[in-house]
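# Examination of the molecular architecture
One-letter residues, chain by chain:
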Amino acid sequence: MDGSLAAAMGAATRRMSVVELALTALPAMVTRGMLVNAHGRRFINEDVYPGLFSVAAVLTQPAPYWVIIDEEGYESIPEQERWGVVPRFVTETLAELEAELGMPQGALESTVGTYNTHAANGQDPYFHKDPRWLRPLTGPFAAVDPRAGFHRGARPGAGAGTGAAGFTLGGLHTTVDGAVLDVSGDPVPGLFAAGRAASGIHGEGYVSGTSLGDGTFFGRRAGSAAAVGG
């Protein structure tokens with residue numbers, strides 16, 4: 001039974017407004033280059049969990065967002081990991097690229113220049129990106145637009161849209177034993193939920209795979225409670 005059917009039976013939901021965001025940007029490209037906002041500025045270390053750079057972008061930065069990468073970085077990605085994504089803009093210089101992207105004059109040149117100066121020494125003093133991914137970016141340069149979308153095995157551009165998607169981290173309100181509560185806080189007779197159907201262990205964020213633990217641990221408790229008529 002999904003949450004909407006349970007809610008129709010009087011079940012209460014919890015924290016449905018808390019959403020995990022996912023920017024349509026390939027981590028393999030983001031880590032090898034940089035993620036910038038509409039003004040050509042970095043705002044996070046690009047080697048973080050994708051959910052973190054997605055939330056940082058959508059909730060705190062002016063759109064659109066761009067993945068800036070150079071030819072060496074793009075070519076170093078195994079073809080099967082590119083998911084058919086190709087840059088929307090390619091130029092020889094950063095000045096040309098920022099003009100194509102409608103950024104303030106000199107903004108991207110300044111951002112990449114600062115990045116390159118420190119990357120040459122294996123450092124990222126502003127955002128602390130792992131030295132493994134640090135190297136100066138050299139032309140030609142490319143900009144990948146998350147709004148273009150991607151899908152493994154699909155034609156380039158499949159799934160184009162806003163560049164961001166999301167899913168709720170909320171769900172049915174339950175006890176620790178999986179009993180679904182109604183809007184008065186009383187158990188709905190015979191109704192149990194766990195995992196992504198319930199409002200479980202997640203706070204304001206999500207990490208891939210955590211729902212497995214949520215589902216197995218609380219699913220076992222719910223199953224045991226249901227078996228004894230709890």
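What counts, and at which threshold
Residues numbered from 1 in each chain as written. Predicted model: local features only at pLDDT ≥ 70, side-chain atom pairs only at ≥ 80, totals over all residues. Heavy atoms only, no water. Helix = DSSP H or I, 4+ residues; strand = E, 2+ residues; numbered from the N terminus. Rg over C-alpha atoms; globule rule 2.2 N^0.38 Å. Buried < 20%, exposed > 50% of the residue type's maximum accessible area, 1.4 Å probe, protein only. Contact = heavy atoms within 4.5 Å. Lys, Arg positive; Asp, Glu negative; His and termini not counted. Charge placed at Lys NZ, Arg CZ, Asp CG, Glu CD. Pairing = 2+ DSSP bridges. Axes fitted to C-alpha atoms, helices over the stretch in contact; angles between N-to-C directions.

Turning our eyes to something else, we now look at the overall build of the chain. Check the secondary structure of the chain and you find 7 helices and 10 strands. Here the chain has a C-alpha radius of gyration of 22 Å; the compact-globule value for 230 residues is 17 Å, and the former is much larger. Considered along the principal axes of its C-alpha atoms, the chain spans approximately 70 × 35 × 30 Å. Going through the 230 residues of the chain one by one, you find that 41% of them count as buried. When contacts within the chain are restricted to residue pairs at least 6 apart in sequence, those whose partners lie at least 24 apart make up 68%. Considering the chain, the positive charge centre built from 16 side chains and the negative charge centre built from 23 side chains are found 5 Å apart.

Another point: the sheet that holds strand β5 (residues 89–91). Taken in spatial order, the 4 strands make up an open sheet running β3-β4-β6-β5, and their pairing is antiparallel. With partners counted over all chains shown, the strands left at the sheet margins are β3 (34–36) and β5, one partner each. On average, adjacent strands in this sheet sit at an angle of 25 degrees to one another, irrespective of strand direction. Bridge count between strand β4 (residues 66–70) and strand β6 (residues 141–144): 4 bridges; the pairing is antiparallel. Its bridge partner lying in β6, aspartate 70 is registered against phenylalanine 141. Along the sheet face, helix α6 (residues 107–119) touches β3 and β4 and points at about 150 degrees away from the line of β3.

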